[in-house]
Amino acid sequence: MKHLLSIFAVLVLISCKKEEKKESLYPESMTEATSESTATKMTASETLGQEIFNGKGNCHTCHKADKKVIGPSIKEITKIYAEQNGDMAAFLRGKADPIVDPSQYDVMKTNFYITKHFTDEEMQAVVDYMMYFQEK
Ligand code: HEC
């Protein structure tokens, strides 16, 4: 009898878990819908840039949208580039000096082996994607 009771308890637990999942399904699909609609606001170039930034460029590990992680936030970078009319593509090709945080330049430089091999289209896409975060 004791055995039966514990089996029953386990069953109740399992079915509770299932309930929880069902409930969370709705808000989850809501978030998906939101991120999709942001994505559709991006141009094709910005979308490609996002793929590279979060994919083979691996930029996202050090650069987040609003907060400094290892590198400055994307918003901080774009603010300074906009203010100083900087040439981000030239920087990423190793042809322009850092203007955001020169003291940490050595850390960023380790990525040039990736960025120097971007095609012009890929470079433009990454720049477009980053500038997408510029506060308007
Ligand atoms: C290992 C961490 C790291 C990764 C990965 C990384 N960055 Fe950085 N990045 C930094 C740091 C630290 C700085 C601040 C130093 C500086 O300003 O040069 C920086 C600065 C920058 C700047 C501003 C440069 C300036 O003028 O000062 C740009 C633009 C940038 N990163 C783009 C990228 C892109 C695009 C990628 C992906 C291809 C990338 N970063 C990947 C760490 C990283």
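Residues numbered from 1 in each chain as written. Predicted model: local features only at pLDDT ≥ 70, side-chain atom pairs only at ≥ 80, totals over all residues. Heavy atoms only, no water.

Engineer: Before we move on, can you summarise the coordination of the iron atom of the ligand with the specific residues and values?
Structural biologist: Looking at the metal site, the iron atom of the ligand is ligated by His63 (NE2) and Met108 (SD), spaced 2.0 to 2.1 Å from it. Around the iron atom of the ligand sit six donor atoms, and with donor-metal-donor angles ranging over 87 to 179 degrees the site reads as octahedral. With a gap of 45 residues between them, histidine 63 in the loop between α2 (44–54) and α3 (74–84) and methionine 108 in helix α5 (residues 105–109) connect regions that are remote in the sequence. For histidine 63, a relative accessible area of 10% corresponds to the buried category. (Donors = N, O, S within 2.8 Å, 3.2 Å for Na, K, Ca; no water. Tetrahedral: all angles 85-135°; square planar, octahedral: opposite > 155°, others 65-115°. Helix = DSSP H or I, 4+ residues; strand = E, 2+ residues; numbered from the N terminus. Buried < 20%, exposed > 50% of the residue type's maximum accessible area, 1.4 Å probe, protein only.)

Engineer: Any details on the site of the ligand? Residues and values, ideally.
Structural biologist: Near the ligand lie 26 residues; those nearest to it are Cys59, Cys62, His63, Tyr81 and Met108. Isoleucine 99 places a polar main-chain atom, nitrogen or oxygen, 2.8 Å from an oxygen atom of the ligand. In the model, a nitrogen atom of the ligand is placed 3.4 Å from a nitrogen or oxygen of the asparagine 111 side chain. In this structure the site holding the ligand corresponds to the largest pocket. Broken down by secondary-structure element, the contributors of at least two residues to the shell around the ligand are α3, α4 (88–92), α5 and α7 (120–131). In terms of residue class, the shell around the ligand is made up of 17 nonpolar, eight polar and one charged. (Near = heavy atom within 4 Å. Polar contact = N/O pair within 3.5 Å; in protein donor to acceptor, adjacent residues only side chain to side chain. 1 Å grid on protein atoms, 1.4 Å probe; cavity = no way out; pocket = protein on both sides within 12 Å on 5 of 7 lines; lining within 4 Å. Sits in = over half its atoms within 2 Å of the grid points. Nonpolar A, V, L, I, M, F, W, Y, C, P; charged D, E, K, R; others polar.)

Engineer: Residues and numbers for the nonpolar core, please.
Structural biologist: With 20 residues, the main nonpolar core has Phe53, Met88, Phe91, Leu92, Phe118, Val126 and Met130 as its most contacted residues. Counting residues per element, the ones that place at least two in this core are α2, α3, α4, α6 (112–115) and α7. A total of five residues in this core trace back to one element, the largest contributor, which is α7. Phenylalanine 91 has contacts with Tyr81, Ala96, Asp97, Pro98, Tyr105, Met108 and Phe112, leaving out every residue within four places of it along the chain. (Core = buried A, V, L, I, M, F, W, Y, C linked by side-chain atoms within 4.5 Å. Contact = heavy atoms within 4.5 Å.)

Engineer: Please give an account of the environment of lysine 95 that cites residues and values.
Structural biologist: With respect to the helices, strands and loops of the structure, lysine 95 is situated in the loop between α4 and α5. Sequence spacing of lysine 95 and lysine 116 is 21 residues, and the spatial spacing of their C-alpha atoms is 9.9 Å.

Engineer: Can you explain the environment of isoleucine 70? Please cite residues and give values.
Structural biologist: Residue position: isoleucine 70 is located in the loop between α2 and α3. Taking the C-alpha atoms as reference points, isoleucine 70 and valine 107, 37 residues apart in sequence, are found 8.8 Å from one another.

Engineer: Explain the pattern of salt bridges residue by residue, including any values.
Structural biologist: Overall, the coordinates contain five salt bridges when judged by the stated rule. Across the pair glutamate 122 and lysine 56 runs a salt bridge, and its minimum N-O distance is 2.8 Å. Pair noted here: glutamate 122 is in helix α7 and lysine 56 is in the loop between α2 and α3, with a separation of 66 residues, a long-range link. Lysine 56 gets classed as exposed once you look at its relative accessible area, which sits at 52%. With its nearest N and O atoms 3.5 Å apart, the salt bridge here joins glutamate 83 to lysine 79. You can see glutamate 83 and its partner lysine 79 sitting in helix α3, four residues apart, about one turn around the helix. No difference in accessibility class separates glutamate 83 from lysine 79, as the two residues are exposed. (Salt bridge = Lys/Arg side-chain N within 4 Å of Asp/Glu carboxyl O.)

Engineer: Can you break down unusual backbone geometry residue by residue, with the values?
Structural biologist: Phi is positive for asparagine 58, close to 60 degrees, though the residue is something other than glycine. At asparagine 85, a residue that is not glycine, the phi angle is positive and equals roughly 50 degrees. Locating asparagine 85 in the fold gives a position in the loop between α3 and α4.

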